[in-house]
Structure formats: structure tokens, C-alpha cells
Amino acid sequence: CCARRVGRLADTDVRWATVAASVDDRTPFERGEPPDESAPRRSAEELAPLAGGGVAPLPKSRYESISVYLANCGGCMKRYNDLDAPVDGRSLERLLEGGVDDDLARHVAHLFVRDPLVIMK
């Protein structure tokens, strides 16, 4: 029948948006929202280690749909990679200097716009 969420009918039968929102780890700045005034403020020093300083806009949650495709099909890379996919500038520069082609370098540099969830020592 119908998709329900919290006792109400949902306007979608796919619950992926709910799952993605529940694990969205972007800062308010990264989401493009004004900071929550009731939340404790982070200093510039606390934000500095975050990818993009914690303020670079990230259009999608970590668990949203894919942003960048890799393919070997003639002109399809430009056709299918039409989303605004932010890249980590330092990573992109280093990859290009190392001889990695532009499409692959942008794909990998896009992976580094976010902080890692787990860090092993």
C-alpha cells in the first residue's frame, strides 16, 4: 500500500532519503545552513583539521547517490558527470602532477572532500 513514517504517509516509497539524513555528518556550513545558535560554536582551530576546514559546501550527504562516474566510453564521461562534485584541491593538484588523467584525478579527489569516519592507528 503506502509508505509510512512516524505514523504519517510519506510522499515517497523509497526510504533512502531518511537513511541518508539519519547519518548525515556534514556541518551546518557544509550543508549550506546557518549555524544552530543553540549548539556550541566551534573555533577556527577546531574546524581547521576537517576536510575543507568544515566550511566547504558539500551538496550531498555521504550516503546519497553517487556523484562521479568512471567509464571508458568515448564522450560519456562529460555527459554522465554533470553534477557539481566538489574536489579536494590539494589531492587534485597532487594527482595531476603525478600524471593521473583529469577524469580519474577528479574522481579520486572527490573522495577526499570528506573526513574519514574511522581512523586506524
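Residues numbered from 1 in each chain as written. Predicted model: local features only at pLDDT ≥ 70, side-chain atom pairs only at ≥ 80, totals over all residues. Heavy atoms only, no water.

Participant: For this particular structure, what's the right way to read the overall build of the protein?
Facilitator: Secondary structure summary: the protein contains six helices and two strands in total. Seen in sequence order, the protein has helices and strands lined up from the N terminus as β-β-α-α-α-α-α-α. In the protein, the proportion of contacts linking residues at least 24 apart, taken out of those at least 6 apart, comes to 52%. Looking at the protein as shown, the accessible area adds up to about 9400 Å², and 56% of this sits on carbon and sulfur atoms. (Helix = DSSP H or I, 4+ residues; strand = E, 2+ residues; numbered from the N terminus. Contact = heavy atoms within 4.5 Å. Areas by Shrake-Rupley, 256 points an atom, 1.4 Å probe, with all protein chains shown as cover.)

Participant: How should I be thinking about the confidence of the model for the protein in this particular structure?
Facilitator: Close reading of the predicted structure is inappropriate where its pLDDT is low. On average, the protein scores 80 in pLDDT, and the residues at 70 or more come to 86%. Within the protein, strand 1 (residues 4-5) has the poorest average pLDDT of any element, 57, and helix 5 (residues 89-97) the best, 94. (pLDDT = per-residue confidence, 0-100.)

Participant: What is the right way to look at helix 6 (residues 102-111) in this model?
Facilitator: Count 3.6 residues to each turn of an α-helix, and residues three or four apart come out pointing the same way. Listing the buried residues of helix 6 in full gives Ala-105, His-107, Ala-109 and His-110. In the core, the buried residues of helix 6 are packed alongside helix 5. Sitting at the amino-terminal end of helix 6 is Asp-101, which places a side-chain oxygen 3.1 Å from the backbone nitrogen of Asp-103. (Buried < 20%, exposed > 50% of the residue type's maximum accessible area, 1.4 Å probe, protein only. Polar contact = N/O pair within 3.5 Å; in protein donor to acceptor, adjacent residues only side chain to side chain.)

Participant: Hey, could you run me through the environment of Ala-109 in this one?
Facilitator: Here Ala-109 is to be found in helix 6. Each C-alpha atom of the pair Ala-109 and Gly-89 lies 7.3 Å from the other, and the pair is 20 residues apart in sequence. In this view, Ala-109 contacts Val-87, Asp-88, Ser-91, Leu-92 and Leu-95; residues no more than four positions away in its chain are not counted.

Participant: Looking at this structure, how should I read a nonpolar patch on the surface?
Facilitator: Judged by side-chain polarity, Trp-16, Val-19, Val-23, Tyr-63 and Leu-117 come together as a nonpolar surface patch covering roughly 460 Å² of accessible area. Structurally, Trp-16 is set in helix 1 (residues 16-22). (Patch = residues over 30% accessible without salt bridge, like charges linked within 9 Å, V, L, I, M, F, W, Y side chains within 5 Å. Salt bridge = Lys/Arg side-chain N within 4 Å of Asp/Glu carboxyl O.)

Participant: How should the pattern of salt bridges be read in this particular structure?
Facilitator: Counting across every chain of the model gives four salt bridges. Taking the shortest distance from any N to any O, the salt bridge between Arg-62 and Asp-25 comes out at 2.8 Å. Here Asp-25 lies in the loop between helix 1 and helix 2 (28-31) and Arg-62 lies in the loop between helix 3 (44-47) and helix 4 (76-80), a separation of 37 residues in the sequence. The class for Arg-62 is partly exposed, based on a relative accessible area of 24%.

Participant: Help me out: how do you make sense of the side chain of Ser-61 in this one?
Facilitator: Structurally, Ser-61 can be placed in the loop between helix 3 and helix 4. Not counting residues within four places of it along the chain, the set of residues in contact with Ser-61 comprises Ala-20, Asp-24, Arg-26 and Arg-114.

Participant: So what exactly am I meant to see when it comes to the packing of helix 5 against helix 6 here?
Facilitator: Helix packing geometry: the angle between the two helix axes and the distance between the axes. Look at helix 5 against helix 6: their axes get within 9 Å of each other, and the N-to-C directions meet at 150°. One way to sum up the angle between helix 5 and helix 6 is to call them roughly antiparallel. Crossing angle aside, the handedness with which helix 5 passes helix 6 is right-handed. Here Ser-91, Leu-92, Leu-95 and Leu-96 of helix 5 lie close against helix 6, whose contacting residues are Asp-102, Ala-105, Arg-106, Val-108 and Ala-109. When its residues are assigned to classes, the contact of helix 5 with helix 6 shows six nonpolar, one polar and two charged. (Axes fitted to C-alpha atoms, helices over the stretch in contact; angles between N-to-C directions. Parallel < 35°, antiparallel > 145°, perpendicular 65-115°, else oblique. Left-handed = near helix turned anticlockwise from the far one by under 90°. Nonpolar A, V, L, I, M, F, W, Y, C, P; charged D, E, K, R; others polar.)

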